[in-house]
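As a plain string of letters, each chain reads:
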Amino acid sequence: AIDDDLEQRLPVVGGTAGDAMTLTATWQYRDDEAATDSVAAVLVRGRAQLEMEVSHGCLPIGLERRVTRAEGGWVHEIDGQPAWSVFREYLEGAPELLNAEVSSHIAIGEALPPDATRDDEAYIIHTPLGLDAAAGALFFPGGGLATGASIRMTRRDPDRIGESARRAASRIAGRHPGRAPAFVLQFDCAGRGRQLFGHDAARHIVRPLREALGMQVPWIGFHTI
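Here is a short report on the structure shown in this document. Source: prediction; values computed, not measured. Numbering of residues starts from 1 in every chain and runs along the sequence as written. It should be noted that, the model being predicted, local features are given only for residues of pLDDT at least 70 and side-chain atom pairs only at 80 or more, the latter also being counted only at that level, while totals for whole chains, interfaces and linings use all residues. Each side-chain value is worked out from all heavy atoms of the structure, with water and hydrogens disregarded.

### Notes on the nonpolar core
We apply this condition: We define the nonpolar core as a collection of buried residues of types Ala, Val, Leu, Ile, Met, Phe, Trp, Tyr and Cys that are connected through side-chain atoms lying within 4.5 Å of one another. Relative accessible area decides the class of each residue, using a 1.4 Å probe on protein chains only: under 20% of the type maximum gives buried, over 50% gives exposed, and in between gives partly exposed. Only DSSP runs of H or I with at least four residues qualify as helices, and only runs of E with at least two residues qualify as strands; both kinds are numbered from the N terminus onward. Any two residues whose heavy atoms approach within 4.5 Å are treated as being in contact.
Core analysis: the biggest nonpolar cluster contains 19 residues, and V75, I78, F87, I108, L138, L145 and I151 have the highest contact counts within it. Elements that contribute at least two residues to this core include exactly strand 3 (58-71), strand 4 (74-78), helix 2 (83-88), strand 6 (106-111) and strand 10 (150-156). Looking at this core element by element, the count peaks at 4 residues for helix 2. Ignoring anything within four residues of it in the chain, the contact list for F87 reads L98, V102, I106, A107, I108, P128, L138 and M153.

### Focus: the packing of aromatic side chains
Definition in use: Working definition: a ring pair exists when centres of Phe, Tyr or Trp rings (six-membered ring for Trp) sit within 6.5 Å. Plane angles under 30 degrees give stacked, over 60 give edge-to-face, the rest tilted.
All chains considered together, the criterion is met by 3 aromatic pairs. Relative to F139, the ring of W74 lies with its centre 5.1 Å away and its plane at 50°, an arrangement referred to as tilted. Here W74 is found in strand 4, whereas its partner F139 is found in strand 9 (residues 137-139), with 65 residues between them in sequence. Ring centres of W84 and F87 lie 6.3 Å apart, and the angle between their planes is 25°; on these two criteria the pair is classed as stacked. Linking W84 with F87, this pair stays in helix 2, spanning 3 residues, or about one helical turn. Each member of the pair, W84 together with F87, is buried.

### Remarks on the pattern of salt bridges
The following threshold applies: Criterion for a salt bridge: a side-chain nitrogen of Lys or Arg within 4 Å of a carboxyl oxygen of Asp or Glu.
Counted under the stated rule, the structure contains 13 salt bridges. A salt bridge links R207 to E211; the shortest N-O distance between them is 3.0 Å. Taken together, the positions of R207 and E211, both in helix 7 (residues 207-213) and 4 residues apart, correspond to about one turn of that helix. E211 gets classed as partly exposed once you look at its relative accessible area, which sits at 41%. One network of salt bridges, with partners in common, ties together E51, E53, R171 and R175.

### Points about the environment of V13
The topology assignment puts V13 in the loop between helix 1 (4-9) and strand 1 (28-30). Residue class for V13 comes out partly exposed when judged on its relative accessible area of 40%. In sequence terms V13 and A41 are 28 residues apart; their C-alpha atoms lie 9.7 Å from each other. Look past the residues within four positions of V13 in its chain and what remains in contact with it is M52 and F187.

### Quick look at helix 4 (residues 158-175)
The criterion, for reference: Expected span, for any helix, means 1.5 Å times one less than how many residues it has. For this analysis, a polar contact is any N or O atom pair within 3.5 Å, provided that within protein one partner can donate a hydrogen and the other can accept it, and provided that sequence-adjacent residues contribute only side-chain to side-chain pairs.
Over its 18 residues, helix 4 extends 27 Å from the first C-alpha to the last, a length consistent with the 26 Å expected when each residue adds 1.5 Å. If you check which residues of helix 4 are buried, you get I161, G162, S164, A165, A168, A169 and I172. The N-cap residue of helix 4 is D157: its side-chain oxygen and the backbone nitrogen of D159 are 3.2 Å apart.

### A few points about unusual backbone geometry
Positive phi is not limited to glycine here, since D37 has a value of about 55°. Along the chain, D37 turns up in the loop between strand 2 (33-35) and strand 3. Relative accessible area serves as the criterion here: at 76%, D37 is assigned to the exposed category. Look at D79: it is not a glycine, yet its phi comes out positive at around 50°. The residue D79 is located in the loop between strand 4 and strand 5 (81-82) in this model. Here D79 falls in the partly exposed class, since its relative accessible area comes to 34%.

### Points about the environment of A212
Checked against the element boundaries, A212 lands in helix 7. Taking the C-alpha atoms as reference, A212 lies 36 Å from T24; in sequence the two are 188 residues apart. Among all residues touching A212, those that are not within four sequence positions of it are R166, A169, S170 and A173.

Here it is, written out as structure tokens:
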């Protein structure tokens, strides 16, 4: 059991399970058990100081736009037009379907408040993973985009991903000069994995952090959606 005071102070980090962006099924594991449509968690406790950083490596493209109708994780309209029609304007060849390749390259950036913004991470990134083609609506797991939100389309930039990850790790290292972490947990978007980098993903998304935090530091993580 966890006492009420401790529960209120517990940070939660991680992500939902990914399946290499096939969007079919995922599996969760605990000891020798496997399940689906479930949640697996590990409680880490003891005398330690937790440090967290977030990076995305997306570049804004085009003009600022506004969500004009959204509900329950679905964005129906952007600037009064069907959301899918607006999204397709930024996709090469104007594809008919939303697929893993599309979701790995283009996303929607929601502007952060000025007092919460760093020059290199001015947006929260939302990736659509569902499409109602008949209605022209896009589904964003977990929601987050509300009617009235100020947004810009963003493009994942492979070089910027590595650079922003390195900056995030350097900020952590800078807060504890001369000390290496006891261990590192890394949770990376599945769109930054094999869909974008093929079998060379670790060199782009893991190595930059290890170079900043220590090549010998114990490391664990997984791709999420």
